[in-house]
Amino acid sequence: MKITRRAALAATLLAPGIARAQGAYPNRTIRLVVPFPPGGSTDVVGRLAAERLQSVLGQSVVVENRGGASGGVGSQAVARMAADGYSLVVSGVGSHGIVPAVVANPGYDALRDFTHVGMLGLFHSVLVVHPSFPARDLAGFIAEAKRRPGAVNYATSGNGSSNHLMGELIKLEAGVDIVHVPYRGAGPALQAVLANEVPAMCDSLPSAAPHIRAGSLRAIAISARTRLPTMPEIPTFGESGLPRVIVENWFGIAGPAGMPADATARLNRAMAEALAQPELVTKFREIGFEPQIVDPAATTRFVEENIAFWADAVKRAGVSNL
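Structure report, in brief. Quick caveat, the model's predicted, so the values are computed rather than measured.

Looking now at the overall build of the chain. Scanning the chain from terminus to terminus reveals 12 helices and 10 strands. For the chain, whose C-alpha radius of gyration is 19 Å, the value lies close to the compact-globule estimate of 20 Å for 322 residues. Projecting the C-alpha coordinates of the chain onto the three principal axes gives extents of approximately 65 × 40 × 30 Å. Taking all 322 residues of the chain together, 57% fall into the buried category. Nonlocal contacts in the chain, meaning residues at least 24 apart in sequence, comprise 79% of its contacts between residues at least 6 apart. Carbon and sulfur atoms make up 52% of the accessible area of the chain, which totals about 12400 Å². Between the averaged position of the 29 positive side-chain charges in the chain and that of its 25 negative side-chain charges there is a distance of 0 Å.

Below, the discussion takes up empty space enclosed by the protein. The tally for this structure, following the rule as stated, stands at 2 cavities of 30 Å³ or more. Estimated volume of the largest cavity: approximately 200 Å³. In terms of lining, the largest cavity is formed by 22 residues, of which the most central are Phe36, Thr42, Ser157, Ser204 and Phe251. At the level of secondary structure, the elements contributing two or more residues to the lining of the largest cavity comprise helix H3 (41–57), strand E3 (87–92), helix H5 (93–102), helix H7 (162–174) and strand E7 (200–204). Per-class residue counts for the lining of the largest cavity are 7 nonpolar, 13 polar and 2 charged. By volume, the second largest cavity is sized at about 30 Å³.

Moving on, we come to the nonpolar core. Core analysis: the biggest nonpolar cluster contains 41 residues, and Leu127, Phe141, Met166, Ile170, Ile178, Phe237 and Leu242 have the highest contact counts within it. For this core, the elements supplying multiple residues, two or more each, are H5, strand E4 (114–129), helix H6 (138–147), strand E5 (152–156), H7, E7, strand E8 (218–222) and helix H12 (296–317). It is H12 that contributes the most residues to this core, 7 residues altogether. Once you skip the residues sitting within four places of it in the chain, Ile178 turns out to touch Phe141, Ala145, Val152, Tyr154, Gly167, Ile170 and Lys171. Counting 34 residues, the second largest nonpolar core, distinct from the first, contains Val90, Leu120, Leu267 and Phe284.

Now for the packing of H3 against helix H10 (residues 261–275). For any two helices packed against each other, one specifies the crossing angle of their axes together with the interaxial distance. Running from N to C, H3 and H10 cross one another at 115°; their axes reach a closest spacing of 9 Å. In terms of orientation, H3 and H10 fall into the roughly perpendicular class. You can see that H3 and H10 cross each other, and the crossing is right-handed. Contact with H3, carried on its side by Arg52, Leu53, Val56 and Leu57, involves Arg266, Leu267, Ala270, Met271, Glu273 and Ala274 of H10 and no other residues of that element.

Time to look at the pairing of E7. In terms of burial, E7 is largely enclosed, as 5 of its 5 residues are buried. The alternating pattern of E7 places Ala200, Cys202 and Ser204 on one face and Met201 and Asp203 on the opposite face, and all of these are buried. Across 5 bridges, the pairing between E4 and E7 is antiparallel. What sits directly across from Val129, in E7, is Ala200. As defined by bridge partners, E5 adjoins E7 across 2 bridges and the pair is classed as parallel.

This part takes up the packing of H5 against H12. The interhelical angle for the contact between H5 and H12, taken along N-to-C directions, is 45°, at an axis separation of 8 Å. Of the possible angle classes, the one that applies to H5 and H12 is oblique. Two packed elements cross with a definite hand, and for H5 against H12 that hand is right-handed. Counting all contacts with H5, which are made through Val93, His96, Gly97, Ile98, Pro100, Ala101 and Val102, the residues of H12 involved are Val303, Asn306, Ile307, Trp310, Ala311 and Val314. Grouping the constituent residues of the contact of H5 with H12 by class yields 10 nonpolar, 3 polar and no charged.

Conventions we followed
- Residues numbered from 1 in each chain as written.
- Predicted model: local features only at pLDDT ≥ 70, side-chain atom pairs only at ≥ 80, totals over all residues.
- Heavy atoms only, no water.
- Helix = DSSP H or I, 4+ residues; strand = E, 2+ residues; numbered from the N terminus.
- Rg over C-alpha atoms; globule rule 2.2 N^0.38 Å.
- Buried < 20%, exposed > 50% of the residue type's maximum accessible area, 1.4 Å probe, protein only.
- Contact = heavy atoms within 4.5 Å.
- Areas by Shrake-Rupley, 256 points an atom, 1.4 Å probe, with all protein chains shown as cover.
- Lys, Arg positive; Asp, Glu negative; His and termini not counted.
- Charge placed at Lys NZ, Arg CZ, Asp CG, Glu CD.
- 1 Å grid on protein atoms, 1.4 Å probe; cavity = no way out; pocket = protein on both sides within 12 Å on 5 of 7 lines; lining within 4 Å.
- Points joined across faces, edges and corners; volume = space filled by probe spheres on them.
- Nonpolar A, V, L, I, M, F, W, Y, C, P; charged D, E, K, R; others polar.
- Core = buried A, V, L, I, M, F, W, Y, C linked by side-chain atoms within 4.5 Å.
- Axes fitted to C-alpha atoms, helices over the stretch in contact; angles between N-to-C directions.
- Parallel < 35°, antiparallel > 145°, perpendicular 65-115°, else oblique.
- Left-handed = near helix turned anticlockwise from the far one by under 90°.
- Pairing = 2+ DSSP bridges.

Right, here's the structure in full:
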């Protein structure tokens, strides 16, 4: 599900009406809801994006954390807000890809209830352990899990998150009995692992990367197809013996359904300008996040494809509706 639509930027920048829209929108503070608690990948990426969007748009972009239900609480809240372009949400693989597949009644439709303004970028998940955990690689982790079935816990940002699904895929592919411990976001889950209350975690790389570099977490394997140039020391699950454990995550920005076309186009243009800034690109890549410049129509198609992909993955992993 790689996105290769950078050419769409040119069409976005030249779209008719953009110049006229700049004078009318935005003319007041924009609220960007991060549907997870502070400290996780969604929060890290959302705040960096908000800072740059504020500079490009010339209006305040205020981040509001509304955690719960793997991004569902904050996403549902934004879906019910005024569709005027001043209430937005950081959409993502959990809230707008997996939740529709694992939650019977999430309270929103990930496609019909949103205007998908654009993408922010792609990233991967990583299995990490506390430094005191005996395993140093995936083979060691699997051996330890088989030695103590049902005794090795792993934390995630919540039920129905991409990291929860990655943990279930590890269980399925490796034939191990590890126990999921869901938290109300990656921030609280990370603190539990750093304190060695839970020995392992499936986490998104943008939130785990600083702790891996600091040595307070040990990376076991990453869900990418190939090693990342920014963190080449982390092996992939594929090269470590579990080639089907591939999780490609994403973040975007969305608003309620029915947003004005001029506001949507203006926001997409601002996102394109922000994501092209070398300083932001560098910051994103340092945490394993690859920026993507995509127009609203292509973003909507991507979300639709992502929902179908995760419906199949959920079925394969055997995760029941929550």
